[in-house]
Amino acid sequence: MNLGLKGKVAVVLAASKGLGKASALALAAEGAKVIIGSRNTTKLNAAAKEISTQTGSEVHCIPVDVVDAKQLTDFISKAGNIYGSIDILVNNAGGPPFGKFENFDDASWQQAFEQNMLSFARTSRLVLPFMKPTGGGRIINIISGSVKSVLANSVLSTAMRMAVVGTAKMLADELGIYGITVNNIAPGLILTDRIKHTLPQGIDPEEAIKEKTKSIPLGRIGKPEEFAALVAFLSSAQAAYISGTTIQIDGGASRAIL
Ligand SMILES: NC(=O)c1ccc[n+]([C@@H]2O[C@H](COP(=O)([O-])OP(=O)(O)OC[C@H]3O[C@@H](n4cnc5c(N)ncnc54)[C@H](OP(=O)(O)O)[C@@H]3O)[C@@H](O)[C@H]2O)c1
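The following paragraphs examine the structure supplied in this document. Fair warning: this is a prediction, and the values are worked out from it, not measured in the lab.

**Regarding the pairing of strand E1 (residues 9–13)**
- Burial within E1 is extensive, with five of its five residues counted as buried.
- Alternating residues of E1 divide into Val9, Val11 and Leu13 and Ala10 and Val12, and every residue in both groups is buried.
- As judged from the five bridges shared by E1 and strand E2 (residues 33–37), these two strands associate in the parallel manner. Bridge pairing in E2 places leucine 13 opposite glycine 37.
- For the handedness criterion, the β-α-β arrangement of E1, helix H1 (residues 18–29) and E2 is classed as right-handed.
- Direction of pairing for E1 relative to strand E4 (residues 88–91): parallel, over a ladder of three bridges. Within the sheet, the bridge partner assigned to valine 12 lies in E4 and is valine 90.

Here's what the structure looks like:
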């Protein structure tokens, strides 16, 4: 299937590794011109080089901490000025810390809000001047399966992702008139560094992964490229009528019906 992404301009946040990088790679492989951002400049440059080498597509990278309003504003402005347009925005950020409700103070809540909610709202607002005149656009938020079925120790994530779900619904409602779609992707377990770092210590990592897969109907952890294929599809011309929705990608792990 030709996804109609050739020549489209895609901005992917938090993309030096993990789900963001895989998403950028999938979009570039479909012929999109990709601009990636994250904090560590060395890792970001290496990711841009790798994506460009693998796909032959143009890849730009601009360092940014999504928590910093000025950096994020400058990032979108620079990204938009590279080609004069932004067709696709993939909102992403590092996940908030895991832990019990009682262990998080106001500062932790504020940090999670700025990183995992406010940054998405800011970028979504900042790309509108680029998307609206073109009569289309795609905003895709990377959130978490915890919006469908809560996970232990994920109170900060769950709270912020639910806010993103509500905001995306509102944006889908308000921006549909411009042909802009707004959707969320809710991953279950996809094998990235974030997941590797949360494996229990003192157990063989392969054993720990096997343990985690026990409750997943498909019997395995997902691959970043499987996640990224959904990002590419939601970015595509074929997905023009999908908006305001949250799609899970979890190998069937969530047993919730709605
Ligand atoms: N993998 C899963 O199974 C899974 C499941 C549910 C939800 N999620 C969520 O999906 C998102 C991505 O997860 P992942 O597994 O891809 O994580 P990851 O492998 O740890 O990658 C995180 C990426 O985010 C960047 N980043 C972190 N903080 C940033 C900031 N303040 N500003 C800009 N970039 C930042 C990192 O680069 P720098 O450190 O250089 O900035 C890195 O490129 C997270 O929010 C995570 O909670 C993942």
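**Here we look at the site of the ligand**
- Lining the immediate environment of the ligand, one finds 29 residues, of which Ser16, Leu19, Ala93, Ile190 and Thr192 sit closest.
- Contact distances for the ligand include 2.4 Å between an oxygen atom and a side-chain N or O atom of threonine 192.
- When the ligand is considered free in solution it has 890 Å² of accessible area, and contact with the protein chains removes 92% of it.
- Those elements that provide at least two residues to the shell around the ligand are H1 and helix H6 (193–197).

**Concerning the pattern of salt bridges**
- All chains considered together, the criterion is met by seven salt bridges.
- Across the pair aspartate 193 and lysine 196 runs a salt bridge, and its minimum N-O distance is 3.8 Å. Here the residue aspartate 193 and the residue lysine 196 both occupy positions in helix H6, the gap between them amounting to three residues, near one helical turn.
- Residue lysine 196 is classed as partly exposed on the basis of its relative accessible area, which comes to 42%.
- We note a salt bridge from lysine 210 to glutamate 207, for which the minimum N-O separation is 3.8 Å. With lysine 210 and glutamate 207 both in helix H7 (residues 205–213) and three residues apart, this pair spans about one turn of that helix.
- For glutamate 207, a relative accessible area of 40% gives the class partly exposed.
- Through salt bridges that share partners, Lys17, Asp193 and Lys196 make up one connected network.

**Describing the sheet that holds strand E5 (residues 137–142)**
- The seven strands are arranged E3-E2-E1-E4-E5-E6-E7 in an open sheet whose pairing can be described as parallel. Each edge of the sheet is formed by a strand with only one pairing partner; in this case those strands are strand E3 (59–61) and strand E7 (246–249). Looking at each pair of strands side by side, their axes are set apart by 20° on average, direction ignored.
- Where strand E6 (residues 180–187) meets E7, four bridges bridge the pair, whose relative direction is parallel. Note on E7: the bridge partner recorded for proline 187 is isoleucine 249.
- Sheet strands touched by H1: E1, E2, E4, E5 and E6. Its angle to E1, the strand with the most contacts, is close to 170°.
- Strands in contact with helix H4 (residues 106–131) are E1, E4, E5 and E6; relative to E4, the strand with the most contacts, it is inclined by about 175°.

**What about the packing of aromatic side chains?**
- Summed over all chains, the structure comprises one aromatic pair.
- On the numbers, 6.4 Å between centres and 75° between planes, the contact of phenylalanine 101 with tryptophan 109 is edge-to-face.
- Exposure remark for phenylalanine 101: the relative accessible area of 56% places this residue in the exposed category.

**With respect to the packing of helix H3 (residues 69–83) against H4**
- The N-to-C vectors of H3 and H4 enclose an angle of 30°; their axes lie 10 Å apart at closest approach. The orientation of H3 with respect to H4, classified from their angle, is roughly parallel. Of the two elements, H3 crosses H4, and the hand of that crossing is right-handed. Note on element contacts: H4 touches H3 through Ser119, Arg122, Thr123, Leu126, Val127 and Phe130, opposite Ala69, Leu72, Thr73, Ile76 and Gly80.
- Split into classes, the residues belonging to the contact of H3 with H4 amount to six nonpolar, four polar and one charged.

**Examining the nonpolar core**
- Counting 35 residues, the largest nonpolar core has Val11, Leu13, Phe75, Ile139 and Val182 as the members making the most contacts within it.
- When residues of this core are traced back to their parent elements, those giving at least two are E1, H3, H4, helix H5 (155–175) and E6.
- Residue contacts for valine 182: discarding those within four places in its chain leaves Ile139, Asn141, Ala168, Leu171, Ala172, Leu175, Ser243, Gly244 and Thr245.
- Listed in part, the 32 residues of the second largest apolar core include Leu3, Ile142, Phe227 and Ile249.

Scoring rules and cut-offs
- Residues numbered from 1 in each chain as written.
- Predicted model: local features only at pLDDT ≥ 70, side-chain atom pairs only at ≥ 80, totals over all residues.
- Heavy atoms only, no water.
- Buried < 20%, exposed > 50% of the residue type's maximum accessible area, 1.4 Å probe, protein only.
- Helix = DSSP H or I, 4+ residues; strand = E, 2+ residues; numbered from the N terminus.
- Pairing = 2+ DSSP bridges.
- Right-handed = clockwise from strand over helix to strand, strands pointing away.
- Near = heavy atom within 4 Å.
- Polar contact = N/O pair within 3.5 Å; in protein donor to acceptor, adjacent residues only side chain to side chain.
- Areas by Shrake-Rupley, 256 points an atom, 1.4 Å probe, with all protein chains shown as cover.
- Salt bridge = Lys/Arg side-chain N within 4 Å of Asp/Glu carboxyl O.
- Axes fitted to C-alpha atoms, helices over the stretch in contact; angles between N-to-C directions.
- Contact = heavy atoms within 4.5 Å.
- Phe/Tyr/Trp six-rings, centres within 6.5 Å; stacked < 30°, edge-to-face > 60°.
- Parallel < 35°, antiparallel > 145°, perpendicular 65-115°, else oblique.
- Left-handed = near helix turned anticlockwise from the far one by under 90°.
- Nonpolar A, V, L, I, M, F, W, Y, C, P; charged D, E, K, R; others polar.
- Core = buried A, V, L, I, M, F, W, Y, C linked by side-chain atoms within 4.5 Å.

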